Amino acid sequence: MKQNQQRIKPAEIELKDTLVAVNRVAKVTKGGRTFGFSAVVVVGDGNGTIGHGLGKARDVSEAIAKAIDDAKKNLIKVPLKGTTIPHEQYGKYGGGRVFIKPAAEGTGVIAGGAMRAVLESAGVHNVLAKSIGSSNPHNVVKATFDALSKIRSAEDIARARNISLDKVFNG
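Just so it is clear, the model here is predicted, and its values are computed rather than measured. (Residues numbered from 1 in each chain as written. Predicted model: local features only at pLDDT ≥ 70, side-chain atom pairs only at ≥ 80, totals over all residues. Heavy atoms only, no water.)

*Asks:* Mind laying out the sheet that holds strand 2 (residues 32-44), listing which residues take part and the relevant values?
*Replies:* In sheet architecture, strand pairing relies on hydrogen bonds along the backbone and comes in two forms, parallel and antiparallel. Pairing within the open sheet is antiparallel, and its four strands lie in the order 1-2-3-4. The open sheet terminates on both sides in strands that have one partner only, identified here as strand 1 (16-29) and strand 4 (75-77). Across this sheet, the average inter-strand angle for adjacent strands is 15 degrees, counted without regard to direction. Here strand 3 (residues 49-57) runs beside strand 4; their pairing, made up of three bridges, is antiparallel. Paired with I50 across the two strands is I76, which belongs to strand 4. (Pairing = 2+ DSSP bridges. Helix = DSSP H or I, 4+ residues; strand = E, 2+ residues; numbered from the N terminus. Axes fitted to C-alpha atoms, helices over the stretch in contact; angles between N-to-C directions.)

Below you can see the structure in the form of structure tokens.
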């Protein structure tokens, strides 16, 4: 986690969960195969607070419940500029690489699968996004979180440089 990102307490906000992927896994034992499930879930309040989690269990509903609990433990706050993000950003995790870019009002969320779930949970309504490399939902979600956690608002940059906000834009 980056220095400018602070952890959020889940009790403070109303979170909505989105199931990104469910995977059936098998363990081979001497009695045959034992099946289990792993679930990737993204939670968010639609106002810049998001989290992701992984849950594993013998049945799907239990795996999803565990993933939601895990996601509530990994919340971050993303600075938004209206209905989009302040600037473009790359993110990576494992083989997953993502690129997100702010878009004009009315563009919508131009993103695929796992990235769409993360961006919509965060409350981003206008963004252009591209997933490059691995299409594994685990890696794409974590790469998207990496990109979103690197985003800084103009106020943060002005504070870090110890200058006024209009000097950030007018150099």
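Moving on, there is more to tell.
*Asks:* Can you break down the packing of helix 2 (residues 113-122) against helix 3 (residues 137-150) residue by residue, with the values?
*Replies:* Following both chains from N to C, one finds helix 2 and helix 3 inclined at 40 degrees, their axes separated by 8 Å at the closest point. Viewed along their axes, helix 2 and helix 3 adopt a mutual orientation that is oblique. Our pair here, helix 2 against helix 3, has a crossing hand that is right-handed. Counted together, A114, M115, V118 and L119 of helix 2 and P137, V140, V141, T144, F145 and L148 of helix 3 form the full contact between these two elements. Split into classes, the residues belonging to the contact of helix 2 with helix 3 amount to nine nonpolar, one polar and no charged. (Parallel < 35°, antiparallel > 145°, perpendicular 65-115°, else oblique. Left-handed = near helix turned anticlockwise from the far one by under 90°. Contact = heavy atoms within 4.5 Å. Nonpolar A, V, L, I, M, F, W, Y, C, P; charged D, E, K, R; others polar.)

*Asks:* Summarise the environment of A104; cite the residues concerned and give the values.
*Replies:* By the secondary structure assignment, A104 is in the loop between strand 6 (96-102) and strand 7 (109-110). Relative accessible area serves as the criterion here: at 53%, A104 is assigned to the exposed category. Spatially, the C-alpha atoms of A104 and I68 are 32 Å apart, while their sequence positions differ by 36 residues. (Buried < 20%, exposed > 50% of the residue type's maximum accessible area, 1.4 Å probe, protein only.)

*Asks:* Help me get a handle on the packing of aromatic side chains, residues and values and all.
*Replies:* Considering all chains together, one arrives at one aromatic pair under this definition. Taken together, a centroid distance of 4.7 Å and an interplanar angle of 40 degrees make the contact between Y90 and F99 tilted. Sitting above the plane of the F35 ring, R24 keeps its charged end 4.1 Å from the centroid. (Phe/Tyr/Trp six-rings, centres within 6.5 Å; stacked < 30°, edge-to-face > 60°. Lys NZ or Arg CZ within 6 Å of the ring centre and 35° of its normal.)

*Asks:* With reference to specific residues and values, describe the nonpolar core.
*Replies:* Counting 25 residues, the largest nonpolar core has I50, I100, L119 and L148 as the members making the most contacts within it. Counting residues per element, the ones that place at least two in this core are strand 2, strand 6, helix 2, strand 8 (127-133) and helix 3. The element contributing the most residues to this core is helix 3, with six residues. Not counting chain neighbours up to four residues away, the residues in contact with I100 comprise I85, E88, Q89, M115, L119, V127, L128, A129, A147, L148 and I151. Listed in part, the eleven residues of the second largest apolar core include L15, A39, I64 and L75. (Core = buried A, V, L, I, M, F, W, Y, C linked by side-chain atoms within 4.5 Å.)

*Asks:* Could you give an account of the pairing of strand 6, with specific residues and numbers?
*Replies:* Sheet analysis places strand 5 (residues 89-93) next to strand 6, joined by five bridges and oriented antiparallel. Looking across to strand 6, one finds that Q89 is bridged to I100. Between the antiparallel neighbours strand 5 and strand 6 lie two residues, among them G94 with a positive phi of about 60 degrees.

*Asks:* Outline the sheet that holds strand 5, listing residues and values.
*Replies:* Strand order in the open sheet formed by four strands is 5-6-8-7, and the pairing between neighbours is mixed. Edge positions in the open sheet fall to strand 5 and strand 7, since each of these has one partner strand only. The strands touched by helix 2 within the sheet are strand 6, strand 7 and strand 8, with strand 8 carrying the most contacts at an inclination of about 145 degrees. Taken strand by strand, helix 3 contacts strand 5, strand 6 and strand 8, and its axis lies near 140 degrees from that of strand 5.

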